[in-house]
Amino acid sequence: MYLTPQHILLAGATGLTGEHLLDRLLNEPTVARVLAPSRRPLAAHAHLENPQGELLTLLPQLDGKVDTAFCCLGTTIKQAGSQEAFRAVDHDLVIAFATRARALGARHLLVISALGADANSTVFYNKVKGEMEQALRAQNWPQLTIVRPSLLLGARQDFRLGERLAAPFMRWLPGKYRGIEATVLARALWRLALEEGSGTRVIESDQLRRLGR
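The following paragraphs examine the structure supplied in this document. Source: prediction; values computed, not measured. (Residues numbered from 1 in each chain as written. Predicted model: local features only at pLDDT ≥ 70, side-chain atom pairs only at ≥ 80, totals over all residues. Heavy atoms only, no water.)

Further remarks concern helix α4 (residues 83-103). With 21 residues, α4 should reach 30 Å at 1.5 Å per residue; the first-to-last C-alpha distance of 29 Å fits that figure. Where α4 bends most, the angle comes to about 30°, and this point is aspartate 92. Listed in full, the buried residues belonging to α4 are Phe86, Asp90, His91, Leu93, Val94, Ile95, Phe97, Ala98 and Ala101. Check the buried side of α4 and you find it contacts β1 (6-11), α2 (55-58), β4 (68-71), α3 (77-80), β5 (108-112) and α5 (124-137). Looking one or two residues beyond α4, the residue adopting positive phi is glycine 105, at roughly 105°. (Helix = DSSP H or I, 4+ residues; strand = E, 2+ residues; numbered from the N terminus. Expected span 1.5 Å × (residues − 1). Bend = angle between axes of the 7 residues up to and from the residue. Buried < 20%, exposed > 50% of the residue type's maximum accessible area, 1.4 Å probe, protein only. Contact = heavy atoms within 4.5 Å.)

And the structure:
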């Protein structure tokens, strides 16, 4: 449990989970500062710093003390436009963000991966997520928390037809395969951030649902 004011770095604050997490962070009395770079402006708040632009360009400019970093970055191959563009976001940009967070002093990184992440998978999406996890482990974080949610449920600002069609069925699947509400994931991420520890921890979707109740 945090006893001193926390300084947070957040990537993906305009995404489905990131926006819920940002709201929670800004309403936590133990959080003194949230540094949340984004492409478009976020609602002003006394504890929020919101540099705007492309994240890869902004990363070297970020400064100030950071205790904990949250990475909520993620796209789809369809949205990105190609497998290469997808990898650039879900692998390369995540690793670049983590590298900068560590340089700013962050001790704990919490990152959203995906159900089925596996560097040896024959499924491109799962393979990239698995390789991203491997690269983060190689950074030797004092504390690394990888969460693997199933399909995220909630009202996105961007329309994703496949997710919209799958959502009703995902609510009824068993165990870790059942879809998870983005609000639940955000609550789980914050609770995991409050847990002090060391090494790498992987949290599957069914565990996240319990933590986020």
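Once the structure has been displayed, the description carries forward.
Attention now moves to the environment of threonine 68. Relative to the elements of secondary structure, threonine 68 occurs in strand β4. Here threonine 68 falls in the buried class, since its relative accessible area comes to 2%. In this structure, the C-alpha to C-alpha distance between threonine 68 and glutamine 143, residues 75 residues apart in sequence, is 9.6 Å.

This part covers the pairing of β1. Working note: regular strand, side chains alternate between the two faces of the sheet. In terms of burial, β1 is largely enclosed, as 5 of its 6 residues are buried. Two elements, β1 and strand β2 (residues 31-35), share 4 bridges in a ladder whose sense is parallel. Looking across to β2, one finds that isoleucine 8 is bridged to valine 34. Between the parallel pair β1 and β2, the chain is carried across by helix α1 (residues 16-26), and the sense of this crossover is right-handed. Two elements, β1 and β4, share 4 bridges in a ladder whose sense is parallel. The residue of β4 that forms the bridge with alanine 11 is cysteine 71. (Pairing = 2+ DSSP bridges. Right-handed = clockwise from strand over helix to strand, strands pointing away.)

Our focus in this paragraph is the state of the cysteines. Put plainly, two cysteines are in a disulfide when a covalent bond ties their sulfur atoms together. Inspection of every chain in the model, using the stated rule, returns 0 disulfides. Just so you know, cysteine 71 is unpaired, no disulfide at all, and the nearest cysteine sulfur is the one on cysteine 72, 6.9 Å from it. A relative accessible area of 1% places cysteine 71 in the buried class. For cysteine 72, a relative accessible area of 13% puts it in the buried group. (Disulfide = S-S within 2.5 Å.)

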